[in-house]
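For reference, the chains in residue letters:
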Amino acid sequence: MEGKFTLKIYRGEEGKQYFEEFELERKPLYNLISALMDIQKNPYNKKGEKVEPVVWEMGCLEEVCGSCSMLINGKPRQACSAIIENILSQSKSNTITVAPLSKFPLVRDLYVNRQNMFDNLTKVKAWIDTEGSSTNDFGPKISQAKQHKMYTLSTCMTCGCCSEACPQVSKASKFMGPAPISQVRLFNAHPTGKTQKSDRLHALMQEGGITGCGNSQNCVQVCPKKIPLTESIAVAGRETTVQAFRDIFSIEDRSKD
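Let us look at the structure shown here. (Residues numbered from 1 in each chain as written. Predicted model: local features only at pLDDT ≥ 70, side-chain atom pairs only at ≥ 80, totals over all residues. Heavy atoms only, no water.)

Looking at the overall build of the protein chain
The helix and strand tally for the protein chain stands at 9 helices and 7 strands. Projected onto its principal axes, the C-alpha positions of the protein chain cover 80 × 40 × 30 Å. Each of the 257 residues in the protein chain was classed as buried or not, and the buried ones make up 40%. Considering only contacts in the protein chain between residues 6 or more positions apart, those separated by 24 or more positions represent 64%. Surface summary for the protein chain: the accessible area is close to 14,300 Å², and the carbon and sulfur share equals 50%. Counting 33 positive and 28 negative side-chain charges, the protein chain places the averaged centre of each group 4 Å from the other. (Helix = DSSP H or I, 4+ residues; strand = E, 2+ residues; numbered from the N terminus. Buried < 20%, exposed > 50% of the residue type's maximum accessible area, 1.4 Å probe, protein only. Contact = heavy atoms within 4.5 Å. Areas by Shrake-Rupley, 256 points an atom, 1.4 Å probe, with all protein chains shown as cover. Lys, Arg positive; Asp, Glu negative; His and termini not counted. Charge placed at Lys NZ, Arg CZ, Asp CG, Glu CD.)

Structural notes on the side chain of Ser 69
Tracing the chain through its elements places Ser 69 in strand β3 (residues 69-72). Sequence-distant contacts of Ser 69, that is, excluding residues within four places in its chain, are made with Arg 77, Gln 78, Leu 101, Leu 110, Cys 159 and Cys 161.

Things to note about unusual backbone geometry
Even without a glycine there, the phi angle at Asp 109 is positive, about 55 degrees. Mapping Asp 109 onto the fold places it in the loop between β6 (106-108) and β7 (111-112). On the accessibility criterion, Asp 109 (1% relative accessible area) is buried. With phi around 65 degrees, Gln 217 is a residue other than glycine that occupies positive phi space. Along the chain, Gln 217 turns up in the loop between α7 (197-204) and α8 (218-222).

Concerning the packing of aromatic side chains
Scanning the model with the defined rule gives 2 aromatic pairs in all. On the basis of an interplanar angle of 75 degrees and a centroid distance of 6.2 Å, the ring pair of Phe 5 and Tyr 30 is categorised as edge-to-face. Within this pair, whereas Phe 5 is found in strand β1 (residues 4-13), its partner Tyr 30 is found in the loop between β2 (16-25) and α1 (32-41), the two being separated by 25 residues in sequence. Its relative accessible area of 5% is what places Tyr 30 among the buried residues. For the ring pair Tyr 10 and Phe 19, a centre distance of 4.7 Å and an interplane angle of 35 degrees mean the geometry is tilted. Directly above the ring of Phe 19 sits Lys 8, whose terminal nitrogen or CZ lies 4.7 Å from the centroid. (Phe/Tyr/Trp six-rings, centres within 6.5 Å; stacked < 30°, edge-to-face > 60°. Lys NZ or Arg CZ within 6 Å of the ring centre and 35° of its normal.)

Remarks on the pattern of salt bridges
Between side chains of opposite charge, pairing is possible as soon as their charged atoms come close. The tally for this structure, following the rule as stated, stands at 13 salt bridges. Across the pair Lys 197 and Glu 239 runs a salt bridge whose closest N-O atoms are separated by 3.5 Å. Here Lys 197 is found in helix α7, whereas its partner Glu 239 is found in helix α9 (residues 229-256), with 42 residues between them in sequence. Overall, the relative accessible area of 24% leaves Lys 197 in the partly exposed class. One salt-bridge network, held together by shared partners, links Lys 4, Glu 23 and Glu 25. (Salt bridge = Lys/Arg side-chain N within 4 Å of Asp/Glu carboxyl O.)

Regarding the environment of Lys 41
As for its placement among the helices and strands, Lys 41 is situated in helix α1. Distance from Lys 41 to Ser 67, taken between C-alpha atoms, is 21 Å for residues 26 residues apart in sequence.

Concerning the nonpolar core
Counting residues in hydrophobic clusters, the biggest one holds 33 residues, and the most contacted among them are Val 124, Ile 181, Leu 204, Ile 210 and Leu 229. Within the residue set of this core, elements represented by two or more residues are α3 (115-123), α4 (144-154), α6 (178-189), α7 and α9. The element best represented in this core is α6, accounting for 6 residues. When near neighbours in sequence (up to four residues on either side) are disregarded, Leu 204 contacts Val 124, Met 176, Ile 181, Val 184, Gly 209, Ile 210, Ala 236 and Thr 240. If you look at the next biggest cluster of nonpolar residues, it comprises 26 residues, including Ile 39, Val 51, Val 54 and Ala 79. (Core = buried A, V, L, I, M, F, W, Y, C linked by side-chain atoms within 4.5 Å.)

Listed below in structure tokens is the structure:
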């Protein structure tokens, strides 16, 4: 483990990006965030030049907030759980290449703006309205099997890895990506959230919704939380089809009145 390694970072602003290399000491259980923090404290590149500290985003540092997503040796993942020694041994190289996610607007260096993901969660009403649902009685029971499935879906941290891996998601496309679709499945499964099920399904039936999925299944391969995203997309596809038929027959029924 003794020795040094090179961190090759694709940094800069949109249209002015460049690679810059930093040499760091190898340490036990050293993760990528720690390496970036060391560069921040001592911002000298491999040539010995003092440079601007690298910019990135982080929060919880325990793979819960999703903010430190970036491309590490070409794969979208969380920097806080990326152990340097593991990456070096897997790649059999002494250099780790780091770059910002490419499917979101670049702010600077490794920091991107994921606001589009949050906007799409708003579109699909990824929450449960509690107004008017309060009661003095116990809430509806949810089986343990259903709770387990819902918990897995609830671990989504809007990190953007699934969107980064999806070939249908780009700065030019309107496809909302796998995460919001999976959240529709989560909130529609809740007994109280089910009251807005049709609203969420109608959101998926609009441009940029479920029909934008090309079934590449890349998303499920890179999800840090192992969420069954392709299963969620399949469920959402069936439910939007059923909703479409309900809408058609509802219109026909009203026309007869």
